[in-house]
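# Overview (structure and organization)
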Amino acid sequence: MVLAAAAAAAALAALALLQRLLWPHLWADLAFAARAARCRRRAAAAAAGGGGGSLAARFLRAAAAAPARPFLRAAGGAVPYGRAARRVARVANALRRRPLGGGGRLGPGVAVGLLAGNEPRFVWGWLGLAALGARPAFLGTALPPAALRHCLRACGARALLVAHELFGAVEPILGSLQEEGVAVWVLGAGPYPAGVVALQPLLDEASEELAPEDVWVPEDMNDTCLYIFTSGTTGLPKAARISHLKSIMCLSFYELVGACREDVVYVALPLYHMAGSLLGVVGCIGISATCVLKPKFSASQFWDDCRAEGVTVFQYIGELCRYLVNQPQRPGEREHGLRLAVGSGLRPDVWRAFLRRFGPIRIVETYGMTEGNVTLFNYTGMPGAVGRSSFIYKLFSPFELVRYDVSAGAPVRDAAGRCIRVGPGEPGLLIAPVTPRTPFLGYAGSRELSEQKLLRDVFTEGDTYFSTGDLMEQDSAQFVRFRDRTGDTYRWKGENVATTEVAEALVAHAALQDATVYGVSVPGHEGRAGMAALVLRPGCRLDGAGLYRHLEQLLPPYARPRFLRLQERLEMTETFKQQKVRLAQEGFDPARVPDPLFLLDEAARTYVPLGPRLWEDVVAGRRRV
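So, here's what we can say about the structure. Throughout, a residue's number is its position along its own chain's written sequence, starting from 1. Totals for whole chains, interfaces and linings use every residue, but because this is a predicted model, local features are given only for residues with pLDDT of at least 70 and side-chain atom pairs only at 80 or more, for both listing and counting. Hydrogens and waters are ignored; side-chain quantities use all the structure's heavy atoms.

### Some details on the overall build of the chain
Assigned secondary structure in the chain consists of 20 helices and 30 strands. In this description the radius of gyration comes from C-alpha coordinates, and the expected globular size is given by 2.2 Å times residues to the power 0.38. Expected size for 625 residues packed as a compact globule is a radius of gyration near 25 Å; at 26 Å, the chain falls within 12% of this value. Principal axes of the C-alpha set define a box for the chain whose edges measure 100 × 65 × 60 Å. Counting over 625 residues, the chain shows a buried share of 54%. Where helices and strands are cited, they refer to DSSP runs of H or I of at least four residues and of E of at least two residues respectively, numbered from the N terminus. For each residue, the accessible area found with a 1.4 Å probe, counting protein chains only, is set against the maximum for its type, and the residue is called buried under 20%, exposed over 50%, and partly exposed in between.

Structure, rendered in C-alpha cells:
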C-alpha cells in the first residue's frame, strides 16, 4: 500500500513537471476560460430575463442595490450610484417623446448624436437616451464641422444632444442640420439660436423617478444599441453598430481581468471611444466599482491623482504608459495603491520600464476592435503579447491567422482558393468566424461599407470571416503579438487614421496637385506617424503656415501629417496603385530621402524644413512629434 501511494505521488509529480515544461500556462488558460464562461452565462441569463437585456436597466438595478456607493468622481465632485440614477432619469423623462425636427417624436430606434466631453453629463445623456430605446451615436469632440455633419448623416441621426461647452462646434453647420430635420438639444440654459432647445429648464422640471421595469427592452439582443465611429479605409469615419449583447458583455470586462467591487478605476480615455465608455464606465457598472473620470490625461499629475483618489486600476493605451515613463523622475513614485493596469498597445520596452520604475503592477494587455467580433487577453503578464492562441482560449473566442500579401493587400490563397494558416513565427492576418455566437453587425449606411471587412470561402465553401486588417504573429508558446496594420489605416496617439481622408484634405489645398499618405515608425513612439508625399501644382510653392491653417480646419489634431515629402511626381505600381510601401520604408531620414522634407511644428503652427540636425533631435526624442 505504501509503495503504491509512493508510486502514485511520484507519477503525479512527474505529470506536474511535464505540465510545467510543456504547458506552463495551462492553469492560467483554464482559470480565464472559466471566468469567461461564467460571464457569458450570466449575460445570456440576464438577456433571457427581459429587462436584463437593457444596459440602462442593468445600471438602474446596480444603483438601487447600492445607492450610496461612489460611481463617478469627476471635476464637480463624487456622484454616488443613486444620484447618478436620478440624473439619468431626468434626461430620459425630459426627452421622452420629444418632437424631432423632421416630424415624429423620440423613441425606440431613433439615432441621436451625443457630443460631450469626458464628464458625467456624457453618461447621463447616454444612459438616458438608452432608457428610451434611442440609439446614441458617440461623436468625437475634435471633429471639424464637415466631419461632424458627415457622422450625423452616416448614422441617420434625427437629433443631436450636445454639451453647452461644445455648441460652438455645431453652430457652423446649424443651418444645414435644421434643413435636414435634425433637432438640436443643448445641455445648457441658453439662450441659443432659434430652433435650438435649451434642455436645462426641462431637466430642472423633469422627474427623478425611473424604475428598471419602465425602461425600454430590446426584442433582439443583436439589434443595434449605439454607434461608435471608427476610421476606415474609405476615408471618413464609419458608424460601427454596437449590439445590446456586446454592451451587456462589457459589464464583465473588469471581472475578466481581475478587478472587483472595491476597486477605484482611473479613466482618462475619450468616452466617445469604446475603451473609455463600454470598457471603462460600463465595466465599472458591472462590478459596482468607482470610476475616476478625467477630462484628459496628465502624465505630470497622474500619480498625485492616484494617491488622492485611491486609484487601484488604470485603464490605459500604450501611449499613456510611455508618457509616464518619459516623465522626469520624482520622489515617491512607488508610493501608490495601483495594482492593476489594463489596456492595449503597450510596447514591450515601455512595459518593462513601467514595472521597473513604478513597482509590481499587474498588467493585462488586451486586443479588440470597436466593430470586431474577436477579443484577445494577455492574462499571463508576458510583455509584448496581446493574447493567447491556445485551443482553450479559442473555445470561447475563435480566430485564425492567415498568410497575407502586403503588396497585393489581400490574403494569400492556395490553388483551391482557400486561405492558408500561418505557422509559429510567421506574421498573419487576424480573422474571426462570423457566426450567430460571434456576429459582425457592420456599419450604418451602405452594405458595401460592411462587406469590405468580410472574407468569404476562407477555409470551406460558404464560410464567412471578419478581417481585422491587423497582422499578428503567434509563437511556439501560443502567445499572440501585434505586428502591423494593413491597408490604408495606421494608428497614432491612440487613434486610427485613414490615409484617404488625410489625402483628400491635402489635395483640397490650392497649391497641391497630388498626395499620398502613409504611416512611418518614429523611435520611441507607439504606432506610426502620418507622412505625406506631395506634388505641388506648377508655379506653386509650399507655404507651411498656410497648409497648417488649411489642415486645422479639416482634420483633428492626431490626423494631421507629422512629416511632408515634396516630389516631382508620385510613383505608381503596374496596376496604378500608389507606391506606399517603399515610401514608408524610406521614412523621413534626410540621408535616405533625396526630396525636400518638412516637419510639423505645432508650437509655431507651421511646417518647417527637416534637415539632419532636426532629424537627429526627433530620433533622440529631443523634439516633440
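### So, the side chain of threonine 312
Note that threonine 312 resides in the loop between helix H12 (302–309) and strand S12 (313–317). Each polar contact in these results corresponds to two N or O atoms within 3.5 Å; when the atoms are within protein, one needs to be able to donate a hydrogen and the other to accept it, and residues that are neighboring in sequence are counted only if both atoms are side-chain atoms. A polar contact of 2.6 Å, which involves the side chain of threonine 312, links it to the side chain of aspartate 263.

### Here's the deal with the pairing of strand S3 (residues 111–115)
Within S3, 5 of the 5 residues are buried, leaving the element largely enclosed by the surrounding structure. The two faces of S3 match: Ala111, Gly113 and Leu115 on one face and Val112 and Leu114 on the other face are all buried. If the strands point away from the viewer and the path from the first strand over the helix to the second runs clockwise, then the crossover is right-handed. Since S3 and strand S4 (residues 135–138) lie parallel, the crossover through helix H5 (residues 120–131) that links them has a hand, and here it is right-handed. A pair of strands is labelled paired if DSSP reports no fewer than 2 bridges between them. Bridge count between S3 and strand S5 (residues 159–163): 4 bridges; the pairing is parallel. Across the sheet, residue leucine 115 finds its bridge partner in S5, namely valine 162.

### Notes on the nonpolar core
Ranked by size, the top nonpolar core spans 108 residues in total, and within it Phe59, Phe71, Leu106, Trp126, Trp185 and Tyr254 carry the most contacts. Setting aside its immediate chain neighbours within four residues, tryptophan 126 contacts Leu55, Leu114, Pro136, Phe138, Leu226, Ser277, Leu278, Val281 and Val282. Side-chain atoms within 4.5 Å link the members of a nonpolar core, which is a set of buried Ala, Val, Leu, Ile, Met, Phe, Trp, Tyr and Cys residues. Leu566, Leu597, Val608 and Val618 belong to the second largest nonpolar core, which has 42 residues in total. Note on contacts: a residue pair is in contact if any heavy atoms of the two residues lie within 4.5 Å.

### Quick word on empty space enclosed by the protein
Site definitions follow a grid-based scheme: protein atoms alone, a 1 Å grid, a 1.4 Å probe that fits but cannot get out for cavities, and for pockets an open set with protein on both sides within 12 Å along at least five of seven lines, plus lining residues having an atom within 4 Å of a point. Grid points are joined across faces, edges and corners, and a volume is the space filled by probe spheres set on the points. This model, assessed by the stated rule, comprises 3 cavities of 30 Å³ or more. Reported here for the largest cavity is a volume of approximately 90 Å³. Counting residues per element, the ones that place at least two in the lining of the largest cavity are H12 and helix H14 (348–358). Polarity classes work like this: nonpolar for Ala, Val, Leu, Ile, Met, Phe, Trp, Tyr, Cys and Pro, charged for Asp, Glu, Lys and Arg, and polar for all others, with Gly in that last group. In terms of residue class, the lining of the largest cavity is made up of 6 nonpolar, 3 polar and 4 charged.

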